[in-house]
Structures are given as C-alpha cells and as structure tokens.
Amino acid sequence: YFNIKKIAPERVQTAELGYRGTIRKNIFVDMVGYVSRYRNFIGYKIGADVTPIPGTTFIQVNNIYRIAANSDEIVYTYGYSVGVNYYLNNHISFAANYSYNKLDKKSDDPLIPAFNTPLNKYNIGITGRDLEFTLFNKFHFKNYGFSVNYRWVEGFQYEGSPQFTGYVPQYDFTDAQISKRIPKIKATFKAGASNLLNEQRFTVYGGPTTGRLAYFSVLVELN
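Bear in mind the structure is a predicted one, so any value in this text is a computation, not a measurement.

**Some details on the sheet that holds strand β2 (residues 27-39)**
Phase 1: Pairing is antiparallel in the open sheet, where nine strands are placed in the order β1-β2-β5-β6-β7-β8-β11-β12-β13. Here the strands that pair on one side only, and so sit at the sheet edges, are β1 (11-23) and β13 (213-220). Between one strand and the next, the sheet's axes are offset by a mean angle of 10°, whatever the strand orientation.
Phase 2: Alignment of strand β8 (residues 139-153) against strand β11 (residues 171-182), held across ten bridges, turns out to be antiparallel. If you follow G145 over to β11, its bridge partner there is S179.

Below you can see the structure in the form of structure tokens.
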C-alpha cells in the first residue's frame, strides 16, 4: 500500500543581501547571500510493488515507483557567492569566484529532495586582450588575446531516478583559449578547448564521462 497526496505548487519566500562595486578603480567585487523558505517543497518518494516469497523472509520486487511529492515540512536553502575581478592594466585581468549552496531538510522526512547542487565550487582565471610583445628582439606579435580558467566542483550526492542516484566525485577542469584579431579584414580568429587536459569525468550520476571539447571560430564584424 502506497499513497501520496496530490502534488501542490511550491511556494518560496527569498531574502537576498548583496554588494557590487569597485575598489581603488581596478578591483571589481560582486557578492550576494540568500536564504529561501519553501512550503510544499517538491521532491519525490520511492515506492515498490513487492510479493512475499512463501516460507522465507525474502520478497520479490516487481516494480519500483518514483513519484513527485511535496514535503510535509518547511525546507530551507541558503548560500552565498563572492566574485572578484582584478584589472592589472588595460590588457591583463584576473578573476575568481566562489559559491556555497546548502539545503536544510529534516533527516526524518522521507522526501528525496533531488537538490543536486554541490556544497562548494570555485573558478580562477586570467584573461589577456589586445596584447603586443616581441620575442628574442625579432618576432613581433600584435592584437593577440588569451584566457585560461580553472573550475573546481566538490563531490555531491546526485538524486535522479532510482537507478540514477549516487555520489558524483569531486571534479575539476581547465579551459583555455587564444585569439588573434586582424583589423585589416575586421576579423578575429579563436582556437581553444574546454577541459583542455582531457580529464574524464562525469557530472551526472549514471551519465557518460566527458572529455576535451576543442573548437575554432572566426568572427567577422561587417559594420
């Protein structure tokens, strides 16, 4: 016997407090904190159709059901994020950001929340644009750009369908790109890769691992 109430719309009240501004003209800061209070938080519950095996303490599982349902309790989520951009000059800039997200649910509530959000994650990167330099007093380079970004995500419990529920280990990726602008033909050529080091990782439990994605693009400005 498995009975669940008809599902009702989620209702949420959220309070946010943030700050965005510059410090000494070359540091940009963006930070925000939030707390959300949910009524009728939507997750799911698991039920099974089983048949007892006579003369034993075992059961035969005929089918498993995953049914969307509301939480009977008030559920809170809260977190914050901080981002900083530092402009060394007109050509080089550094960026970093960090976020924290937490779901607060009573441990005796049978609802599976499927929050699927890591507790901690951050990014660190450097970007260059319109660079001009000379190597070995012979080779001159002009109108080049680049970017390198490192992403780190803490491991977390992923709750999908019953067969796709499990732990996603911590993973990290490095992205990189180089560009060349040619003003004479009003074009910019870019080449780069996401997950440059080809780290084989999965971000969804039960999903495939993903590797490097390389790309090349040409942007032409008609006007």
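After presenting the structure, the write-up continues.
**What to know about the layout of surface pockets**
Phase 1: Empty space within the largest pocket amounts to approximately 250 Å³.
Phase 2: Around the largest pocket, the lining residues are N101, K102, L103, P113, F115, N116, T117, P118, L119, F156, Q157 and E159.
Phase 3: Counting residues per element, the ones that place at least two in the lining of the largest pocket are β6 (92-104) and β9 (156-159).
Phase 4: Tallied by class, residues from the lining of the largest pocket come to six nonpolar, four polar and two charged.
Phase 5: If you add up the space inside the second largest pocket, you get close to 160 Å³.
Phase 6: What lines the second largest pocket is a set of 14 residues, and nearest its centre among them are G128, R129, D130, G145 and S179.
Phase 7: Secondary-structure elements contributing two or more residues to the lining of the second largest pocket are β7 (120-135), β8, β11 and β12 (187-194).
Phase 8: A total of five residues in the lining of the second largest pocket trace back to one element, the largest contributor, which is β8.
Phase 9: Across the lining of the second largest pocket, the residue classes tally to two nonpolar, eight polar and four charged.

**Considerations on the pattern of salt bridges**
Phase 1: Counted under the stated rule, the structure contains four salt bridges.
Phase 2: A salt bridge links D130 to R181; the nearest nitrogen and oxygen atoms lie 3.2 Å apart. Of this pair, D130 sits in strand β7 while R181 sits in strand β11; the two residues are 51 residues apart in sequence, bridging distant segments of the chain.
Phase 3: Note on R181: relative accessible area 31%, which makes it partly exposed.
Phase 4: When the shortest N-O distance is used, the salt bridge between R201 and E199 registers 3.3 Å.

**With respect to the environment of Y205**
Phase 1: Here Y205 is to be found in the loop between β12 and β13.
Phase 2: Taking C-alpha positions, Y205 is 5.9 Å from G166, a pair spaced 39 residues apart along the chain.

**Quick notes on the packing of aromatic side chains**
To describe a pair of aromatic rings, you give the distance between the ring centres and the angle between the ring planes.
Phase 1: Taken as a whole and assessed by the stated rule, the structure comprises ten aromatic pairs.
Phase 2: Centre to centre, the rings of F133 and F141 are 5.1 Å apart; their planes meet at 25°, and the pair counts as stacked.
Phase 3: Counting every residue linked through ring pairs, the aromatic cluster contains Y80, Y98 and Y100.
Phase 4: One Lys or Arg, R66, reaches over the ring of Y44 and ends 3.9 Å from the middle of that ring.

**Here's the deal with the pairing of β12**
Phase 1: Alignment of β11 against β12, held across seven bridges, turns out to be antiparallel. If you follow I182 over to β12, its bridge partner there is A187.
Phase 2: Remark: four residues form the turn of the hairpin made by β11 and β12, two consecutive strands paired antiparallel; K186 in that turn has positive phi of roughly 55°.
Phase 3: Pairing analysis gives eight bridges linking β12 to β13, with the strands arranged antiparallel. For S194, the partnering residue across the bridge sits in β13 and is L213.

The rules behind each value
- Residues numbered from 1 in each chain as written.
- Predicted model: local features only at pLDDT ≥ 70, side-chain atom pairs only at ≥ 80, totals over all residues.
- Heavy atoms only, no water.
- Pairing = 2+ DSSP bridges.
- Helix = DSSP H or I, 4+ residues; strand = E, 2+ residues; numbered from the N terminus.
- Axes fitted to C-alpha atoms, helices over the stretch in contact; angles between N-to-C directions.
- 1 Å grid on protein atoms, 1.4 Å probe; cavity = no way out; pocket = protein on both sides within 12 Å on 5 of 7 lines; lining within 4 Å.
- Points joined across faces, edges and corners; volume = space filled by probe spheres on them.
- Nonpolar A, V, L, I, M, F, W, Y, C, P; charged D, E, K, R; others polar.
- Salt bridge = Lys/Arg side-chain N within 4 Å of Asp/Glu carboxyl O.
- Buried < 20%, exposed > 50% of the residue type's maximum accessible area, 1.4 Å probe, protein only.
- Phe/Tyr/Trp six-rings, centres within 6.5 Å; stacked < 30°, edge-to-face > 60°.
- Lys NZ or Arg CZ within 6 Å of the ring centre and 35° of its normal.

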